[in-house]
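# Structure assessment
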Amino acid sequence: MKINLLGNGAIAMGAIAAGVGFAAGYPGTPSTEILETLKSNENAKDIHIEWSTNEKAAVEAGAGAAYSGVRTLVTMKQVGLNVASDPVMCLSYIGVKGGMVIVSADDPGPISSQTEQDTRSFGAYAHLTVLDPSSPEEAYEMTKYAFELSEKLSRPVILRPTTKVCHASATVDVTDEVYAVSPDGFVKDPKWVIFPPLSYKRHIENFKIYNNLGECSYNRVITAETDIGIVTGGVTTAIVTDVLTDLGVKVNRLTVGRPYPFPTTEAAAFAAGLTKILVLEELDPFIEEQLERIVKTPICGKYSEHVPAAGELKYENVKNIICNFLGINAPETVSVNSNVTLPTRAPVLCAGCPHRASFYAVKLASKGKKAVYCGDIGCYTLGNAKPLETTDTCLCMGGGITVAQGIKTANPDTDVFSFIGDSTFFASGMTGVANAVYNKHNITICILDNRTTAMTGGQPHPGKGVTITGEETVHIDIAKVLTALNVGFVKECNPFELDSAVKTVTEAAEFPGVSAVVFKAPCIAVSKKPCSYEVFDCIGCKRCINELGCPAISLAEEKAVIDPVMCYGCSICETVCKPGKIRMIGGLSV
C-alpha cells in the first residue's frame, strides 16, 4: 500500500518490513521521528523499543541483541555518533549475527547541531558500509537492504540520511509483508570477546571484505551524448535531477548511493572519455576525494571552489553551480511576493519556560560577583541571549560540567556555574559530576529539571518514570544520584519561587566544594496552563522587559503589555515587577 511518510517514518517502516526486533536510540534532530514512528505503529507491538540514556548505551544494548541473532536498529544524529563511536568502532571488528543498522542522521547547515560533520567519513574510518539515501522512498528500500547486507557481512551497516531526507514527505510504497526472523539466541563463542589477536585478524578480514564487496544497485549511471559528467550522493541527487530537468539539459550522471566502500570500478568506467566532472555533495568532499584518487579527469568540486565548502546545497545554488559548470546563463528565478518582508524571529526560550526563571535566579545570586556560566546542549543554551546572558560556554553534551572545572581551576577567584538539563544529565552529565567530586573542583552545578527532553519534542528519560511506549518504570531521582556521587551540597528548589531560589543558589555558591541546585519545574509542553497575567497602570520602567526577555511581554507606546495567548502564567514577571503593576487575570479559559 502507498503511505505518505516523512523520511524518518520511511526508515521506521523499512525496519518493520525487515523484521527488526530491537530498536534503541537517543533523541536528536533530525533523527528523532524514527523511533517515534515505531512506537506508534501497530505492526511494531512486538518490537522492543527504547530511548536509551545516550547513544553509546543504545549501540551497546543493540549489540547484545544482534549477538543473539535479533535484527537491531539504532538511531542518532551525527554528533551522537561521536558518543557511540567507542562501541561502533569495536563492532566493526567483533561483528554481529543479527542484522544491525545504525542510522546516523547528518545535519548540513548545520540547522540544529554543534557540528557539520559527515558520517560518510566516519564510516570509512570505522570500515563500515555506508548507504546514503536520496529520498524517503529510497530510505525505505535502503533500510531493508541494509539489514540484509549487515547479515551477509556480519558487520553493522550505517544508514546516513540528511535533514532534507529525514524531514521530507513522500508517498512510499510500503509492503504488508514482514521478513521472518528466528533468532537462535546468544551462543557462547570466543569471537564475542575482543582481544588484540582477534582484532588483528578481523582488521585483515575487514580489508578483504570491503575491498571485494562488489557492485551496489544504489550506485547508478545515466548516460548522455556529451563529454561532461555530474556525480552526486544523497539528497543532492534529487536536487540535481530537478535542476537539469528545469534547464532541459542532459549530462552523464553517476549517483553514489553507497559511498563506502566506494564504487571504484563503476566510477572509473563512468569517467572514461569525459573531459570534466562536477561533484555535488553535502558536507565533506568525500566523493570528490575518492574520484581524485581513481581518475585523471579534471574534477570540479569543493577543492576547486566550484562548490561551497560548507552548508546545505539548495535548488538555487545548485542551479547556479551547474550553469557555471556548463557555461550557460542561469535563468532568472521568478520571485513570489518579493515585496513582502517577513519579520525576523530569533530563537528564544518559550513564554513560561522554567529555565528563564532558573537563569534569572542564578544571575541575581551572582550579581556583583565575578562569575562564569557554562552551558550545555538543550533549550537552555538560549540562556546566552539578552537580557539573561547566562551562557558563556557551550561545547557538547555534558561538557558544561567538566568545562566549568577547567575554568574554575584557571580562574580560582571566579564563581563558576554549570547548567545542564535533566535528560542531558542522564545522557552524559554524571561522569562529569564524579570527576568534579573526585578532583575537588569548587563549582556549582545547576540541574534544570523540566521533566522531559524538551528540545527534541518532549521524549521521556530516566528521570521521568515512563518509557517511550508509555509503560511506567522506575523514576531515578536526580538529587539522590548527586548525593550518591558525594556532592557536598544538594538542594532542590522551584525557580518560580524566586526569593527561595536565589537564597538556595547563594548558599550553593558559598559552599566550599562541589555543590548542586536542582531547579524543578515542568516544561510548558508537559504541563497545563494555570492562568495568565496582565499589566495595569504600567509606569514604563521596562524592568520586566530588561530583566526577563519573555516573548509574551512587549512594549506598546513605551508601556509593557502581556499577550494573554502567549502568556503561560508562570508568575515570574509578577515577582520581577517592583512597582507591582502585573497581576493574574484568570485560569485555563484565557
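Fair warning: this is a prediction, and the values are worked out from it, not measured in the lab.

### Concerning the overall build of the protein
- Each helix and strand in the protein was counted, giving 19 helices and 22 strands.
- Whereas a compact globule of 590 residues would reach a radius of gyration of roughly 25 Å, the protein reaches 27 Å, a difference of no more than 12%.
- Taking the principal axes of the C-alpha coordinates as reference, the protein spans close to 80 × 70 × 50 Å.
- Evaluated residue by residue, the protein yields a buried proportion of 53% over its 590 residues.
- Looking at the protein alone, contacts between residues at least 24 apart form 76% of all its contacts between residues at least 6 apart.
- Accessible surface for the protein amounts to roughly 25900 Å². Of this, 54% is attributable to carbon and sulfur atoms.
- Side-chain charges of the protein comprise 51 positive and 62 negative groups, with the mean position of each set lying 4 Å from the other.

### Side note on the environment of Lys581
- Inspection of the secondary structure puts Lys581 in the loop between helix H19 (572-576) and strand S22 (582-586).
- Setting aside anything within four residues of it in sequence, one finds Lys581 in contact with Glu534, Val535, Phe536, Asp537 and Ile539.

### As for the pairing of strand S5 (residues 100-105)
- For S5, a buried count of six out of six residues is recorded, marking the element as mostly surrounded by other parts of the structure.
- As paired strands, strand S4 (residues 72-77) and S5 are joined by six bridges and run parallel to one another. Bridging across to S5, Thr75 finds its partner in Val103.
- A crossover links S4 with its parallel partner S5, the connecting element being helix H4 (residues 78-94), and its sense is right-handed.
- Taken together, the three bridges between S5 and strand S7 (residues 157-159) define a ladder with parallel strand orientation.

### Observations regarding the sheet that holds strand S18 (residues 515-520)
- Ordered in space as S14-S15-S16-S18-S17, the five strands form an open sheet in which the pairing is parallel. The sheet is open, and its two edges are formed by strand S14 (371-374) and strand S17 (489-493), each paired on a single side. Here the average twist between neighbouring strands, direction ignored, is 20°.
- Bridge count between S14 and strand S15 (residues 415-421): four bridges; the pairing is parallel. Each bridged residue has a counterpart across the sheet, and for Val372 the counterpart in S15 is Val416.
- Here helix H13 (residues 354-365) sits on the sheet in contact with S14, S15, strand S16 (444-449) and S18, set at roughly 160° to S16.
- Across the sheet, helix H14 (residues 399-410) is in contact with S14, S15 and S16; its angle to S15 comes to roughly 175°.

### Here's the deal with unusual backbone geometry
- Residues Tyr260 and Pro261 are joined by a peptide bond in cis, for which omega reads -5°.
- Checked against the element boundaries, Pro261 lands in the loop between strand S11 (252-255) and helix H10 (264-271).
- Positive phi, normally seen in glycine, also occurs at Lys440, with a value near 55°.
- The residue Lys440 is located in the loop between helix H15 (422-438) and S16 in this model.
- According to the relative accessible area criterion, Lys440 is exposed, its value standing at 75%.

### Observations concerning empty space enclosed by the protein
- Applying the stated criterion across every chain, the model contains three cavities of 30 Å³ or more.
- Its boundaries defined by the atoms lining it, the largest cavity holds a volume of some 110 Å³.
- In this structure, the largest cavity is lined by 16 residues; those nearest its centre are Gly352, Cys550, Cys567, Cys570 and Cys573.
- Tallied by class, the residues present in the lining of the largest cavity amount to 12 nonpolar, three polar and one charged.
- Put simply, the second largest cavity is a space of about 80 Å³.
- Taken together, the residues that form the lining of the second largest cavity break down as nine nonpolar, one polar and three charged.

### A word on the sheet that holds strand S9 (residues 220-222)
- Spatial strand order, S9-S11-S10-S12-S13: five strands in an open sheet with mixed pairing. Of all strands in the sheet, those bounded by a partner on one side alone are S9 and strand S13 (299-300).
- Bridging between strand S12 (residues 276-280) and S13 involves two bridges; their strand directions are parallel. The residue of S13 that forms the bridge with Leu278 is Cys300.
- Sheet contacts for H10: S9, strand S10 (228-232), S11 and S12; angle to S11, the most-contacted strand, approximately 170°.

About the thresholds
- Residues numbered from 1 in each chain as written.
- Predicted model: local features only at pLDDT ≥ 70, side-chain atom pairs only at ≥ 80, totals over all residues.
- Heavy atoms only, no water.
- Helix = DSSP H or I, 4+ residues; strand = E, 2+ residues; numbered from the N terminus.
- Rg over C-alpha atoms; globule rule 2.2 N^0.38 Å.
- Buried < 20%, exposed > 50% of the residue type's maximum accessible area, 1.4 Å probe, protein only.
- Contact = heavy atoms within 4.5 Å.
- Areas by Shrake-Rupley, 256 points an atom, 1.4 Å probe, with all protein chains shown as cover.
- Lys, Arg positive; Asp, Glu negative; His and termini not counted.
- Charge placed at Lys NZ, Arg CZ, Asp CG, Glu CD.
- Pairing = 2+ DSSP bridges.
- Right-handed = clockwise from strand over helix to strand, strands pointing away.
- Axes fitted to C-alpha atoms, helices over the stretch in contact; angles between N-to-C directions.
- 1 Å grid on protein atoms, 1.4 Å probe; cavity = no way out; pocket = protein on both sides within 12 Å on 5 of 7 lines; lining within 4 Å.
- Points joined across faces, edges and corners; volume = space filled by probe spheres on them.
- Nonpolar A, V, L, I, M, F, W, Y, C, P; charged D, E, K, R; others polar.

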